[in-house]
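Geometric and topological summary
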Amino acid sequence: MLMGAVRWLRDSGLRVEDLTPTGREDAGADAILDVTVGDRSVRFAVQAKSRAPYPHEVERLQRSQRVLELHGHPLMIVPFVSESLGSLLTRDGWSWADNQGNFDLRAPGLVARQRRASVAPAPKRRSLPRGSGSYAVIRALVRFSGGEDEEPGATALAAQAGISQPRASQVLNQLHDLKLVGTSGRGRWEPNREALLDRFLAEYPGPGGSEHYYYSLDSPVDVAVGAGRVSTQGRPIAVSADVGPDLIVPWRRPSLVILYARHTIDPSDFGLTDAQGRHDANVIIRNPEDRSVFPVPDLVGQVQGDEVPLADPLQQIWDLQDLGGADRTEAAGRLREWLLELP
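On a predicted model such as this, the values are computed, not experimentally measured, just so you know. (Residues numbered from 1 in each chain as written. Predicted model: local features only at pLDDT ≥ 70, side-chain atom pairs only at ≥ 80, totals over all residues. Heavy atoms only, no water.)

**Comments concerning the confidence of the model for the chain**
Here is the rule: Scored from 0 to 100, pLDDT reflects the predictor's confidence in each residue. Where helices and strands are cited, they refer to DSSP runs of H or I of at least four residues and of E of at least two residues respectively, numbered from the N terminus.
Summing up the model confidence of the chain, the mean pLDDT is 89 and the portion of residues at 70 or higher is 94%. Of all the helices and strands in the chain, strand β9 (residues 189-191) carries the lowest mean pLDDT, 85, while strand β12 (residues 257-261) carries the highest, 97.

Here you go:
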């Protein structure tokens, strides 16, 4: 999304230089861009979102705006900004750009505006199947290893997803209609793993359920190890970003850990204290509606001899993207490559 908006800015004649630091996050900014118009150059600090804010949410973005102002003029990048929303964002001091070629950049001595599309683009294709077991089947197909003896069948997928064989066949047929899986002619299904992965990341609505924010004096890795020690078959805990991806494809020192649990966790058991929100938490505990975040078969990482149960790889990638930041985007790409290159 960020790349698409930047491409539109450049195509309109603006000179845009990406100054985003590598090797670390920039404290709340998803990117740092220098935009030049004529002889005037302005630095913008970017917040990229997977959806545009609703009008009633604009006033709630003031804290994010203040954080961005530490690095440049706040610039929001989203898939599409309507004319009415654009007016609200501009009124509240935001510059903005979208993936349809619309933008309004403002700073002292610089004004650059363009409106190419007045309405959001219509969806071009049907969405992925939802409902019972759909995401579990998709996750299983993406994790399918090319080194296995044969393609997954509906019966095996049903057992892995915990659904009936007819329901698994229904999901597979819907994916076949979307050209995301093919058939081998032997009652087996051949997944297009890369296309499935990208569609999942684009359309997954999130795990649902409840989410609680905490702070720990222990490092996120230590919290994850502690979670692994108390996780059981009947009361599982699965570790996701930042710690999970780092245990698979090391990338940086984790600053946060997301724990998925099927049961209620007493935060005092982990020495956790309540945080005000995501912005000051280093531990997030989720009790998800979507139980497919717990992988089948299990996925385990190692920390100095301790086993750490991990969340489904697709969930870890989604969580990295949802948390945001240049480093996490890079880590999500590396984890994606690892998953698609499984032997």
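Text resumes after the structure shown.
**Quick word on the nonpolar core**
Under the convention used in this document: For this analysis, a nonpolar core means a set of buried residues of the types Ala, Val, Leu, Ile, Met, Phe, Trp, Tyr and Cys, connected via side-chain atoms within 4.5 Å. Exposed residues in this analysis have more than 50% of their type's maximum accessible area, buried residues have under 20%, and partly exposed residues fall in between, with area computed by a 1.4 Å probe over protein chains only. Pairs of residues are marked as contacts when any of their non-hydrogen atoms sit within 4.5 Å.
Ranked by size, the top nonpolar core spans 67 residues in total, and within it Leu175 and Leu259 carry the most contacts. Among the elements that take part in this core, helix α4 (residues 134-143) stands out by supplying seven residues, more than any other. Excluding its chain neighbours within four sequence positions, the residues that come into contact with Leu259 are Val223, Ala227, Ile237, Ala238, Val239, Val283, Ile284, Ile285 and Arg286.

**Details of the pattern of salt bridges**
Stated formally: Whenever Lys or Arg places a side-chain nitrogen within 4 Å of a carboxyl oxygen from Asp or Glu, that contact is recorded as a salt bridge.
Applying the stated criterion across every chain, the model contains 17 salt bridges. The partner of Arg91 in a salt bridge is Asp92, with the nearest N and O atoms 2.7 Å apart. Across the pair Glu194 and Arg336 runs a salt bridge whose closest N-O atoms are separated by 3.0 Å. With a gap of 142 residues between them, Glu194 in helix α7 (residues 193-203) and Arg336 in helix α11 (residues 326-340) connect regions that are remote in the sequence. Here the residues in one salt-bridge network are Glu211, Arg278, Arg286, Asp319 and Asp322, joined through shared partners.

**Considering the sheet that holds strand β6 (residues 103-107)**
As a reminder, the rule being used: Any two strands with at least two DSSP-identified bridges between them are counted as paired. Angles here are taken between N-to-C directions and fall from 0 to 180 degrees, while the axes themselves are lines fitted to C-alpha atoms, restricted in helices to the stretch in contact.
Spatially, the seven strands line up as an open sheet ordered β1-β2-β3-β4-β5-β6-β7, and their pairing is mixed. Each end of this open sheet is capped by a strand with a single partner; those strands are β1 (15-18) and β7 (110-114). The sheet shows a mean angle of 25° between the axes of neighbouring strands, direction not considered. In this sheet, strand β5 (residues 95-98) lies alongside strand β4 (residues 73-78) in parallel orientation, the contact comprising four bridges. Bridge pairing in β5 links Met76 to Trp96. This element, helix α1 (residues 2-11), spans β1, β2 (31-37), β3 (40-48), β4, β5, β6 and β7 of the sheet and lies at about 150° to β1. Packing against the sheet, helix α3 (residues 83-91) makes contact with β4, β5 and β6, and its axis sits at approximately 150° to β5.

**With respect to unusual backbone geometry**
Of the consecutive residues Ala241 and Asp242, the connecting peptide bond is found in the cis state with omega at 0°. By the element assignment, Asp242 lies in strand β11 (residues 237-242). The linkage connecting Val296 with the following residue, Pro297, adopts the cis geometry, with an omega of -5°. Mapping Pro297 onto the fold places it in the loop between β14 (283-287) and β15 (299-303). The backbone of Lys179 shows a phi angle near 60°, a positive value even though the residue is not glycine. Position of Lys179 relative to the elements: it lies in the loop between α6 (165-177) and β8 (181-183). Given a relative accessible area of 70%, Lys179 falls into the exposed group. The backbone of Gln304 shows a phi angle near 50°, a positive value even though the residue is not glycine. Its place among the elements puts Gln304 in the loop between β15 and β16 (306-310).

**Some details on the packing of aromatic side chains**
Selection criterion: Here a Phe, Tyr or Trp ring, Trp counted by its six-membered ring, pairs with any other such ring whose centre lies within 6.5 Å, and the pair is stacked when the planes are under 30 degrees apart, edge-to-face when over 60, and tilted otherwise. Only when the NZ of Lys or the CZ of Arg is both within 6 Å of the ring centre and within 35 degrees of the ring normal is a charge said to sit over the ring.
Here the structure, examined in full by the defined rule, presents four aromatic pairs. Where Tyr204 meets Trp318, the ring centres are 5.4 Å apart and the plane angle is 85°; that geometry is what we call edge-to-face. Of this pair, Tyr204 sits in the loop between α7 and β10 (210-215) while Trp318 sits in helix α10 (residues 313-323), placing them 114 residues apart in sequence. Of the two residues, Tyr204 and Trp318, neither departs from the other in class, the shared state being buried. Here the aromatic cluster, defined as three or more aromatic residues joined through ring pairs, consists of Tyr135, Phe200, Tyr204 and Trp318. When the ring centre of Tyr204 is taken as origin, the NZ or CZ atom of Arg139, which lies over that ring, is 5.3 Å away.

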